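Commentary on secondary and tertiary structure
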Amino acid sequence: MAMEFLAILAVCSMPKQFVEKLWGKIELLMNIWTFIRECPELLNSLDKKTESLEQKLEALCSLEEDITTELESAKFQPHKKRKREVEVWLRNVQRKKIDIQSIKQEVGKGKHFLRPWLESHVEKNIKEVEELHEQGKFPQGLLLDAHHTSRDALLTTPLVGGISTKRIMKRIWECFADVKVSRIGIYGVEGVGKTAILMHIHNQLIESTCPFYHVYWITVSQPLSIFKLQNDIAKEVGLDFLDEKDIRKRAAKLFKALTRRESTVLILDDVWKNFQPEEVGIPNKVNECKLILSTRSVDVCRKMNFCETIKVEPLSDEEAEKLFMKKLGLHKPLTPAIEEIAKLIIRQCGGLPIWIIEMAQRMREVDDISEWRNALTEAREFRRELND
């Protein structure tokens with residue numbers, strides 16, 4: 001007690017300025033002692049928050065995986081496509097996973113002087129992960145209704161050719177009914193009517209109660225490009241390649257999309273060069289996809305190993321003359337001289353409907369015999385080019 005009294009007297013006798021400095025140092029030592037005593041609690045606080053961040057990230061990753069799985073299945077659903085906001089959300093999740101990996105690495109280094117900053121950063125990321133998890137619920141769904149062309153009828157004109165055309169149509173329908181036939185080739189010279197026949201087949205398929213629900217029409221661009229053909233089919237099917245450039249990977253995705261749809265008919269019009277359907281991604285099994293194409297050469301069908309090939313023949317002389325006169329639209333009989341020239345023009349058209357119709361429409365209401373003679377000259381030049 002006496003010693004404490006003397007210490008108080010000694011302090012009191014000291015100059016005021018010295019006492020203030022001494023007291024300041026004592027307070028500093030007390031603060032340091034408090035920090036040392038509470039340090040384990042501070043360290044535990046960062047560890048607990050880091051653990052909480054990892055748990056919330058795990059929940060977010062589980063949600064991401066569920067959404068990705070649902071989107072993967074949706075790629076093969078007709079009339080659907082993913083929302084843009086879903087794509088943005090997925091990218092944000094990927095970025096956040098990278099950020100958190102970086103934070104975990106810094107925490108693992110054990111730099112104590114950085115802990116206050118790290119703790120603040122961890123708290124910020126916990127909040128952002130929670131927000132991403134909430135945003136990922138998508139109460140309105142992940143998909144949008146997309147325009148789909150597989151059920152749209154093509155604009156057509158009445159078929160010409162009479163019995164011969166009906167026989168071809170009947171044969172094509174028999175191939176659709178045959179479980180052994182997966183690939184059908186329609187061939188014939190340019191202008192003979194292959195495209196017109198396939199357009200009618202397309203419309204009958206989508207309008208009938210036949211088992212083929214998915215019907216896709218693709219006009220093949222020239223020169224043939226596997227990459228471009230894959231793009232054209234994918235567009236019709238509603239498949240997004242997401243900038244995939246590798247033809248084999250694209251083929252695998254396209255094959256999967258067409259296989260999952262089942263009951264599919266793929267119509268390729270105007271194929272000039274043979275290719276391997278598997279290289280594009282077109283299935284070969286009957287219950288997965290039926291492929292029908294039009295080409296000018298039977299060799300294309302043979303080299304592609306088609307199950308069935310059907311030739312479209314030119315019109316007979318009688319059918320050609322009947323078509324020409326119908327399209328000419330006569331309001332009065334032709335003079336004998338013009339009628340003779342008309343028959344020569346019809347003969348030069350080679351029984352090809354496209355040229356017969358074009359010449360008839362051109363000569364409609366023409367009475368000048370010199371114009372008919374000029375038309376005959378042009379028809380002969382056309383026939384010569386056709387034979388060459």
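The shown structure was predicted, so the numbers you read here are calculated from the model rather than taken from an experiment. (Residues numbered from 1 in each chain as written. Predicted model: local features only at pLDDT ≥ 70, side-chain atom pairs only at ≥ 80, totals over all residues. Heavy atoms only, no water.)

Moving on, we get to the sheet that holds strand E7 (residues 308-311). In spatial order, the strands read E4-E5-E6-E3-E7; together these five strands make up an open sheet with parallel pairing. The outermost strands of the open sheet, each flanked by one partner alone, are strand E4 (214-219) and E7. Across the sheet, the mean angle from the axis of one strand to that of its neighbour is 15°, orientation sign disregarded. Relative to E7, strand E3 (residues 183-187) is paired through four bridges, and the arrangement is parallel. From the neighbouring strand, isoleucine 184 faces E7, where its bridge partner is glutamate 308. (Pairing = 2+ DSSP bridges. Helix = DSSP H or I, 4+ residues; strand = E, 2+ residues; numbered from the N terminus. Axes fitted to C-alpha atoms, helices over the stretch in contact; angles between N-to-C directions.)

Among the nonpolar cores identified, the biggest contains 26 residues, and Leu229, Ile233, Leu266, Leu268, Phe275, Val280 and Ile282 are the most heavily contacted of them. Where this core is concerned, the elements lending two or more residues are E4, helix H7 (226-237), helix H8 (247-261), strand E5 (264-271), strand E6 (289-295) and helix H10 (298-303). If one sorts the elements of this core by residue count, H7 sits on top with five residues. For leucine 266, the contacting residues outside a window of four places in its chain are Tyr216, Ile218, Ile233, Ile282, Cys289, Lys290, Leu291 and Ile292. (Core = buried A, V, L, I, M, F, W, Y, C linked by side-chain atoms within 4.5 Å. Buried < 20%, exposed > 50% of the residue type's maximum accessible area, 1.4 Å probe, protein only. Contact = heavy atoms within 4.5 Å.)

Glancing now at the side chain of aspartate 269. As for its position among the elements, aspartate 269 is in strand E5. Despite its burial, aspartate 269 remains without a salt bridge, the nearest opposite charge being carried by lysine 194 at 7.0 Å. At 2.9 Å, the side chain of aspartate 269 and the side chain of threonine 195 are in polar contact. (Lys, Arg positive; Asp, Glu negative; His and termini not counted. Salt bridge = Lys/Arg side-chain N within 4 Å of Asp/Glu carboxyl O. Polar contact = N/O pair within 3.5 Å; in protein donor to acceptor, adjacent residues only side chain to side chain.)

One way to put it is that helix H5 (residues 163-177) packs onto helix H6 (residues 194-207) with a least axis distance of 11 Å and a crossing angle of 50°. When the axis of H5 is compared with that of H6, the two are oblique. Pair H5 / H6 crosses with right-handed handedness. Side by side, H5 and H6 meet where Thr165, Ile168, Met169, Ile172, Trp173 and Phe176 of the first sit next to Ile197, His200, Ile201, Gln204 and Leu205 of the second. Class assignment for the residues of the contact of H5 with H6 results in eight nonpolar, three polar and no charged. (Parallel < 35°, antiparallel > 145°, perpendicular 65-115°, else oblique. Left-handed = near helix turned anticlockwise from the far one by under 90°. Nonpolar A, V, L, I, M, F, W, Y, C, P; charged D, E, K, R; others polar.)

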